[in-house]
Structure formats: C-alpha cells, structure tokens
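Observations on chain architecture
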Amino acid sequence: MPDHASATPPAASRPADGHTIARWCAREGWPVHPLAPAQKTPPANCADCKGHHAPATCPCRNAGRWCHGFHAATTVPGLIDAWWSAQPRFGVGVSCGPAELVVLDVDAHAAQVPERARLLPGIPIGPQVDLAGLATGFDTLALLAALRGEQDPAADETTLRVRTPSGGLHIWYRNPYPTTRYRSSTGSSPRTALAWQVDVRSDNGYIVAPGVRTAAGDYVPVSAAREPAPLPAWLAAELKRTGHVPEAVSASQAPSGLPVPMRRSRPATKAAERLLEPLLAEVTACRTVREGASFTEKLNRAAYTAGGLVEGGHLSGADARSLLAETARTARPHQERRNFMVIESALSAGAQRPLHPRGSS
C-alpha cells in the first residue's frame, strides 16, 4: 500500500484518485466514507444490511465494511486503505457532523420561484423589494447577507469553497462551538431552512469531498483557501433563528461563543451610552430618507454593538431590545417584524464579542 502521508490536498491541478482524497480528508480530521463510483451517493449496503437493522446496531463497521453511508465514516487509515483498495473507483464523502463542519450547499438549478414568504424563512420580504432576476440559491443567500449587512458567503475567499458540476457551490465552515450541534436541512423545506435553494449539511449529513470526479463532472475548489474558516457569527445566529440548533441545547449548556439570549440585568453605563448614541442617531436619521439610507446596515451595526455591551455587562438585554426597537420604529414604523429580526440576529452575533468601552471600569 503506497504512503499518502505527503499527498497534496485537492488543490492540485491534476486529478486526484479517491484514495488520495480520502487520506487527505482524514488527516484534516474529517471522517470519510465511500461514494458509489462516479456518483455522489453512497454505495448500496451489503445484503445483510438491507432493511434489517438501524445503522446504530449494524455489525458491519466492526467487520470493516462501509454500510450505511455516512454512519460508517472513519478517519482510520487502515480502513480507508482497505475500502479504496477494494474499489479504487469509489468517490469520497465527508460526514459533516463528526467533522465539526457546517457546509452551505448553494443550488443553481432552475426551479419555480416560491412565494416571498418561503425565500428567507422568518423574514418578510415586502412588495417594495424588487425580486426580478431571482432564480437560484445564490440570489437568496446574497439577499440574506445584504439584509444583515454582511458579506455574501458565496464570495467569502477566507474559506474553502467548492464548485459543483451543476454550477452550484459548497461553502465549507468549521463549527467553532464544540457543544453546539446544527441540524442538516434542505432549502425547499417548509419547516427548517436557511434560505430557498440553500441546503445546510452538518449533523446527519454528508458532503462530497473537494476534488472528487463524478459522471456529471468535478467538484473543484475555487480561489486559494483550502481550509474551512470558522462559521461567521451572523450565520451562527441565522442558523439558530431558523431552528437549526436543537432545543435540547440550552443556554446553560451552551459554550460562551454560542449566540444565546441576553442575560445581564444592570443599567446602562455612561461608557455604553456614549458608544451607542451615535449609532442610534444614524438609525434615527433614516426617517428622513425613505430609500437608499442603508437603514438595515445601520440598525444591524447598532444592535451588534449593543449585543457586545450586554455580554460585557454594560447594558441589560431588556434595555437594549427596547432602545433598539423604539429607535427602529421611529425610522421605519411600518416594518416592525423585519426590524425585530434584524435586531435579534445582530444582538446574538454581537454577544459573541463582549465589549468593554473605555471609561467603563
């Protein structure tokens, strides 16, 4: 068996075989499992497994077999060598949950655009928003980022991104919250979805590894990044808002970095007031400009700062919400639900970076 310890990552221009890709992924700490030759789905289970038992009770793993897809994923070199020696044409899947990955699978398939309420679940999109040309997950993800005043993840050059054969994009992020789990979802789901045509791959989900070749084409890394960056705070907040964090993970169990409801209860300090006042003034000033005032971006900035002040103990959560809501209502009185979503998301994101302004001690 050749030694793949020095194999280059799937950034190389030459096509890589499945064994090389699988060993590279395993060294990154990502459990891998076979995909059927030239396909993006796992190979069929053995005859004993078909319909006879659940993955948790399957004896095949101990016997060195690959049944049940991502449930069999491993980083053990001996198993990887055996599997890809038995079938060198196997592709490579990465089990996202055990790998501590959150991957956004952006779909570019042409499809009937649903009603506005399903484009960004939980975020009303009023008739004043021109949706002409919206057709794919790239559009809805860009819209979500714009509403939050954040960079479009599809253009995030700091993290591993992989172009799919259909023209879609896999955006890989590392889950920086070890005790927080994220549900997988499909963008067409009426219950748990981040955005239309944007799937989430994490717990109980897998993703095709970079460099894999299928009958439809190659999964090709784009730009220079070959490692997943930490999941951005605003996306963590959006995943929490859209139900991707199981309710079983309570605030008392969550790590300090996880967006959780504000929990301080002390009056605002003078330093907090000095920091917030100019930001709130920018939001208030938007009432004289109905279009093109960057209202959402300014409200997002103010709420993000308030979240940091709350987490730092310089402002109570209740006061922060009341102050932000009243200021937003002054500028945009007819979109309170949208204002609420922007405020909650930004407060949660800001809570991950406690602020301690000068003169607060």
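Preceding block: the structure.
Residues numbered from 1 in each chain as written. Predicted model: local features only at pLDDT ≥ 70, side-chain atom pairs only at ≥ 80, totals over all residues. Heavy atoms only, no water.

**A short note on helix α4 (residues 233-241)**
Here α4 has its buried residues at Trp234, Leu235, Ala236, Ala237, Glu238 and Leu239. Looking one or two places after α4, you find glycine 243, whose phi comes out positive at around 85 degrees. (Buried < 20%, exposed > 50% of the residue type's maximum accessible area, 1.4 Å probe, protein only. Helix = DSSP H or I, 4+ residues; strand = E, 2+ residues; numbered from the N terminus.)

**Section: helix α3 (residues 137-148)**
For α3, built from twelve residues, the straight-helix expectation of 16 Å at 1.5 Å per residue is met to within 8% by its first-to-last C-alpha distance of 17 Å. Listing the buried residues of α3 in full gives Gly137, Thr140, Leu141, Leu143, Leu144, Ala145, Leu147 and Arg148. For α3, the capping residue at the N-terminal end is threonine 136, with a side-chain oxygen 3.2 Å from the backbone nitrogen of phenylalanine 138. Glycine 149 lies just past α3 and shows a positive phi near 70 degrees. (Expected span 1.5 Å × (residues − 1). Polar contact = N/O pair within 3.5 Å; in protein donor to acceptor, adjacent residues only side chain to side chain.)

**Structural notes on unusual backbone geometry**
At asparagine 204, a position not held by glycine, the phi torsion is positive, near 55 degrees. The topology assignment puts asparagine 204 in the loop between β6 (198-201) and β7 (206-208). The exposure class of asparagine 204 is exposed, given its relative accessible area of 62%. In this structure, serine 223 is a non-glycine residue whose phi angle is positive, near 60 degrees. Assignment of secondary structure puts serine 223 in the loop between β10 (220-222) and β11 (229-230).

**Looking at the packing of aromatic side chains**
Between two aromatic rings, the relevant description is the distance of the centres plus the angle of the planes. In total, this model carries five aromatic pairs according to the counting rule given. Judged by centre distance (5.5 Å) and plane angle (85 degrees), the rings of tryptophan 24 and tryptophan 30 are edge-to-face. Assigned by exposure class, tryptophan 24 and tryptophan 30 land together as buried. Between tryptophan 84 and phenylalanine 90, the ring centres sit 6.3 Å apart and the planes meet at 80 degrees, which makes this aromatic pair edge-to-face. Looking at phenylalanine 90, the relative accessible area reads 5%, which means it is buried. (Phe/Tyr/Trp six-rings, centres within 6.5 Å; stacked < 30°, edge-to-face > 60°.)

**Here we look at the sheet that holds β7**
Taken together, three strands build an open sheet; the order of strands is β1-β2-β7 and the sheet is antiparallel. Of all strands in the sheet, those bounded by a partner on one side alone are β1 (32-35) and β7. Here the strands of the sheet are splayed against their neighbours by 35 degrees on average, with no regard to which way each runs. Direction of pairing for strand β2 (residues 91-95) relative to β7: antiparallel, over a ladder of three bridges. Across the sheet, residue valine 94 finds its bridge partner in β7, namely isoleucine 207. The strands touched by helix α1 (residues 18-27) within the sheet are β1 and β2, with β2 carrying the most contacts at an inclination of about 20 degrees. Contacting β1 and β2, helix α2 (residues 77-86) crosses the sheet at an angle of about 5 degrees to β1. (Pairing = 2+ DSSP bridges. Axes fitted to C-alpha atoms, helices over the stretch in contact; angles between N-to-C directions. Contact = heavy atoms within 4.5 Å.)

**Here we look at the packing of helix α6 (residues 295-311) against helix α7 (residues 317-331)**
Contact geometry of α6 with α7 gives a least axis separation of 10 Å together with a crossing angle of 170 degrees. One finds that α6 runs roughly antiparallel with respect to α7. Seen along the crossing, α6 lies across α7 with a hand that is right-handed. Contacts between α6 and α7 pair Phe295, Leu299, Ala302, Ala303, Ala306 and Val310 from the former with Gly317, Ala320, Leu324, Ala328 and Ala331 from the latter. Across the contact of α6 with α7, the residue classes break down as ten nonpolar, one polar and no charged. (Parallel < 35°, antiparallel > 145°, perpendicular 65-115°, else oblique. Left-handed = near helix turned anticlockwise from the far one by under 90°. Nonpolar A, V, L, I, M, F, W, Y, C, P; charged D, E, K, R; others polar.)

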